[in-house]
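Report on the structure
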Amino acid sequence: MSTAEPLRVAPHRIELAIGGMTCASCASRIEKKLNRIDGVTATVNYATEKASVRYDDTVTPQDLIATVEKTGYTAALPPPPTPSAGPEGTTEPVDELRGLRTRLRVSAVLAVPVVLLAMVPAWQFTYWQWLSLTLAAPVVVYGGLPFHRAALVNLRHGAATMDTLISLGTLAAFGWSLWALFLGDAGTPGMTHPFTFDITRSDGAGNIYLEAAAGVTAFILAGRYFEARAKRTAGAALRALLELGAKDVAVLRDGAEVRIPVDQLAVGDRFVVRPGEKVATDGVVAEGTSAVDASMLTGESVPVEVGPGDAVVGATVNAGGRLVVTATRVGGDTQLAQMAKLVEQAQTGKAAVQRLADRISGVFVPIVIALAVGTLGYWLGRDAGLTAAFTAAVAVLIIACPCALGLATPTALLVGTGRGAQLGILIKGPEMLESTRRVDTVVLDKTGTVTTGKMTLVDTLPADGQDADELLRLAGALEAASEHPIARAVAAGAARAGTLPPVTGFANAEGLGVTGTVDGRELVVGRVRLLRERGLDVPEGVERAVRDAEAEGRTAVLAGWDGRARGVLVVADVVKPTSRAAIARLREIGLTPVLLTGDNSAVARTVAAEVGVDEVIAEVLPAEKVDVVRRLQAEGKVVAMVGDGVNDAAALAQADLGLAMGTGTDAAIEASDLTLVRGDLMTAVDAIRLSRRTLRIIKSNLFWAFAYNVAALPLAAAGMLNPMIAGAAMAFSSVFVVANSLRLRGFRPVA
């Protein structure tokens, strides 16, 4: 009863822009705080840095913002979208990334000589330790500032994350080095770290750990930078969707056309759409007939013929004649805007996968801190002296500081994404990799994904006694004068067979076909109805060919002259050459394919049979595509979605793993987790294999990084950790992680 109540009494919905989150546990903490407010149901997404909140009349947006700020983070109401807000909206993330990049570059340049000096005794000149201090101090203070701030926030709320361990470890290493340099023996001229591997207990007065403090800071900053770069694209799907629409429109005012920005359109306005232009907003055709290409929105491969009284959707393209449209929906009510909302809801509702390091740190960090405190107490109780006790305690923190851990994810991602780019696969970040391991169902869009997405001439069927070459040559010549997508497919097929003769007297019968004179013959090319209206006889054999083609989901174009139909030209959206083999490969790696399309059932089933897919879901709207994905997920399936159109964007965002064809729309690409640059379905197989391999490498990197920590912790607690051994072990751990990641360079695509 308590869980249903907020849904019943929370009529208001708001989105807050959240700032200051450094890991998925931050999002979880904010979400818990908001949900503790009576009448509030909240979901916080770390990837998009947004909180989607439903609240009742007892709560105000200011209460929600105040709660987030008390938790230690910032919250603000996103500014309303305006035409001028686009460029400004992109400035802030760019500046944020630039600042992080600068912090990383400064830290890397200063940290490298510190690490080299500590690891190579031959380079340790008389005052090398003081140069190391000079170089390491800015790295720890300036470079590590984000970690120290996050650690303070965590401390105030009694929480511990990876930031806590990084801050504690680097500050402990730096603080102890300062003590050893100024109050111990480490500042003595000529001091060196001898290259020995013996385990001896010392008071630590002659040991410095500046390379650990500077190196760890630089490594972790590198990981954060690559993560932030991936996160920058989280909101780009919405921008790409909204940018698909027309920017201005020709409105009819007192019989004259007036050009105005689209956002000034009102319901009831009549506007003109010329051939090749985008429909400005949802509406109903008042005058004219044409073919409208709606494939990117609906998935229908064949342009839709529209005339007076037919509905048209904003952002679709007028492929034929001039239309006058009456606006019925504008602004946020249009189908395009509703699709943008679907994408945003899918992204917000999909829980971001926590980074593996953060999950482990939830247990590891408190244990390390407790062990360090226990070590200090133990040695003090044994009367080993304050110096020796602190040496052992600080060594525990230093050896636990995740040097190799900082490399584990970014190095594998760098090598994996680099290899992927060579193969035409763009991996956006680490969040989706875990899904690739668990995926068991792959939902395939038809148009542009399994098929080419373009109309192609697939067959020429002459009537009895008619020459097929002559039929194609004459019909192709006439269609070459038309701009209709089906006509262009016929013309292209005819042009491949030879040179086309000229056309005279060309005329377009809107929605039915074309007429004209070719080689002295009066030609009629189009639908059966047009030929009969022009008095041409259509033999039974020709009608049967039309019925057979349409039964297979193909488009049949008749051509006739001299009083009778001379044959049928069959046009279809053909299957890509590699689609059948790719689907077989998907089955081999354990995935069940499902064909999902907005096209009609006959077309869908024909394509499915050709490529070897058993389950077909056809004639679905964009919102229904999302519902299909959700239904499959509710059945316990882990779903990958492959698509290329705007109509796929919301489903790509909702799926556990979204793969977009790089030949598709920007909206689909931005809403996906993986982009297949070549637009080849076989690349989807490689993408999943490469992602799974990258995840395995990351997991093995994390295992060995933590294994090193766990193995060395007892030595540190026993006060027997020689700094040279610590440095060498840390270096070996990092080299192992890098070498392990480089194995991804040998990844090979399927044959």
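Residues numbered from 1 in each chain as written. Predicted model: local features only at pLDDT ≥ 70, side-chain atom pairs only at ≥ 80, totals over all residues. Heavy atoms only, no water.

**A few points about the UniProt feature "transmembrane region" (unreviewed entry) in the protein chain**
Annotation from UniProt places "transmembrane region" (unreviewed entry) at residues 106-124, 130-152, 164-184, 204-222, 360-380, 386-409, 701-718 and 724-742. This span, residues 106-124, is 74% helix and 0% strand, and a straight line between its end C-alpha atoms measures 23 Å. A distance of 29 Å separates the end C-alpha atoms of residues 130-152, which is 96% helix and 0% strand. (UniProt positions renumbered as here; feature names shortened; annotations may be inferred. Helix = DSSP H or I, 4+ residues; strand = E, 2+ residues; numbered from the N terminus.)

**With respect to the pairing of strand 13 (residues 323-329)**
Regular strands place side chains that alternate from one sheet face to the opposite one. With 4 bridges joining them, strand 7 (residues 270-273) and strand 13 adopt antiparallel strand pairing. Paired with V272 across the two strands is V324, which belongs to strand 13. As defined by bridge partners, strand 8 (residues 282-287) adjoins strand 13 across 5 bridges and the pair is classed as antiparallel. By the bridge assignment, E287 is partnered in strand 13 with V324. (Pairing = 2+ DSSP bridges.)

**Describing the pattern of salt bridges**
Taken as a whole and judged by the stated rule, the model has 26 salt bridges. In this structure, E15 engages R13 in a salt bridge whose closest nitrogen and oxygen atoms are separated by 3.3 Å. Of the charged contacts, one joins R259 and E277 as a salt bridge, the two residues approaching to 3.6 Å between their closest N and O atoms. Of this pair, R259 sits in strand 6 (residues 256-261) while E277 sits in the loop between strand 7 and strand 8; the two residues are 18 residues apart in sequence, bridging distant segments of the chain. (Salt bridge = Lys/Arg side-chain N within 4 Å of Asp/Glu carboxyl O.)

**Section: the nonpolar core**
Within soluble globular proteins, side chains that are nonpolar generally end up buried alongside one another. Residues L444, L595, L659 and L681 are the most contacted members of the largest nonpolar core, which totals 46 residues. Element by element, the count of residues in this core is highest for helix 26 (residues 681-717), at 10 residues. Look past the residues within four positions of L659 in its chain and what remains in contact with it is A640, M641, V642, G643, L652, S672, L674, L676, A684, A687 and I688. Among the nonpolar cores identified, the runner-up in size contains 42 residues, and A180, Y209, F364 and V365 belong to it. (Core = buried A, V, L, I, M, F, W, Y, C linked by side-chain atoms within 4.5 Å. Buried < 20%, exposed > 50% of the residue type's maximum accessible area, 1.4 Å probe, protein only. Contact = heavy atoms within 4.5 Å.)

**Things to note about the layout of surface pockets**
Over the atoms, a rolled probe matching the size of one water molecule traces out where space is still vacant. In this model, the second largest pocket occupies a volume close to 740 Å³. Contributing to the lining of the second largest pocket are 41 residues, with E305, H484, I486, R527 and T555 lying nearest its centre. Mapped by element, the contributors of at least two residues to the lining of the second largest pocket are strand 9 (290-293), helix 18 (485-497), strand 17 (503-509), strand 18 (513-518), strand 19 (521-526), helix 20 (540-551) and strand 20 (555-561). In terms of residue class, the lining of the second largest pocket is made up of 19 nonpolar, 13 polar and 9 charged. (1 Å grid on protein atoms, 1.4 Å probe; cavity = no way out; pocket = protein on both sides within 12 Å on 5 of 7 lines; lining within 4 Å. Points joined across faces, edges and corners; volume = space filled by probe spheres on them. Nonpolar A, V, L, I, M, F, W, Y, C, P; charged D, E, K, R; others polar.)

**Here we look at the packing of aromatic side chains**
According to the stated counting rule, one finds 3 aromatic pairs in the structure shown. With 5.3 Å between their ring centres and 75 degrees between their planes, W130 and F182 make a pair best called edge-to-face. With W130 in helix 5 (residues 128-143) and F182 in helix 7 (residues 162-182), this residue pair connects regions lying 52 residues apart in the sequence. On the accessibility criterion, W130 (26% relative accessible area) is partly exposed. Taking relative accessible area as the criterion, F182 reaches 54% and is therefore assigned exposed. When the ring centre of Y142 is taken as reference, the NZ or CZ atom of R103 above it lies at 4.6 Å. (Phe/Tyr/Trp six-rings, centres within 6.5 Å; stacked < 30°, edge-to-face > 60°. Lys NZ or Arg CZ within 6 Å of the ring centre and 35° of its normal.)

**So, the environment of A159**
Looking at where A159 falls in the secondary structure, it is placed in the loop between helix 6 (145-156) and helix 7. The exposure class assigned to A159 is partly exposed, which follows from its relative accessible area of 23%. It is 9.2 Å that separates the C-alpha atoms of A159 and R29, two residues lying 130 residues apart in sequence. Every residue in contact with A159, bar those within four places of it in the chain, is listed here: R29, N154 and T164.

**Section: the environment of A393**
The topology assignment puts A393 in helix 13 (residues 386-400). C-alpha of A393 to C-alpha of I369: the two residues are 24 residues apart in sequence and 9.3 Å apart in space. With residues up to four places along the chain from it excluded, the contact list for A393 reads A372, T375 and L376.

**Quick look at the packing of helix 21 (residues 579-588) against helix 26**
Running from N to C, helix 21 and helix 26 point in directions that differ by 25 degrees, and their axes come no closer than 7 Å. The angle between helix 21 and helix 26 falls in the class roughly parallel. Between helix 21 and helix 26 lies a crossing of left-handed hand. For the pair formed by helix 21 and helix 26, the contact residues are S579, A581, A582, I583, R585 and L586 on the first element and L681, M682, V685 and I688 on the second. Its residues assigned to classes, the contact of helix 21 with helix 26 shows 8 nonpolar, 1 polar and 1 charged. (Axes fitted to C-alpha atoms, helices over the stretch in contact; angles between N-to-C directions. Parallel < 35°, antiparallel > 145°, perpendicular 65-115°, else oblique. Left-handed = near helix turned anticlockwise from the far one by under 90°.)

**Re the sheet that holds strand 1 (residues 12-19)**
Adjacent strands of a sheet form backbone hydrogen bonds with each other and so pair up, either parallel or antiparallel. As summarised here, the arrangement of the 4 strands in space is 2-3-1-4, forming an open sheet in which the pairing is antiparallel. Lying at the two open borders of the sheet, with one neighbouring strand each, are strand 2 (40-45) and strand 4 (74-76). Sheet twist, expressed as the average angle between the axes of neighbouring strands with direction ignored, equals 25 degrees. By the bridge criterion, 6 bridges tie strand 2 to strand 3 (residues 50-55) in an arrangement that is antiparallel. Across the sheet, the residue bridging to V40 is Y55, located in strand 3. Helix 3 (residues 61-70) contacts strand 1, strand 2, strand 3 and strand 4 of the sheet and is inclined by roughly 160 degrees relative to strand 4.

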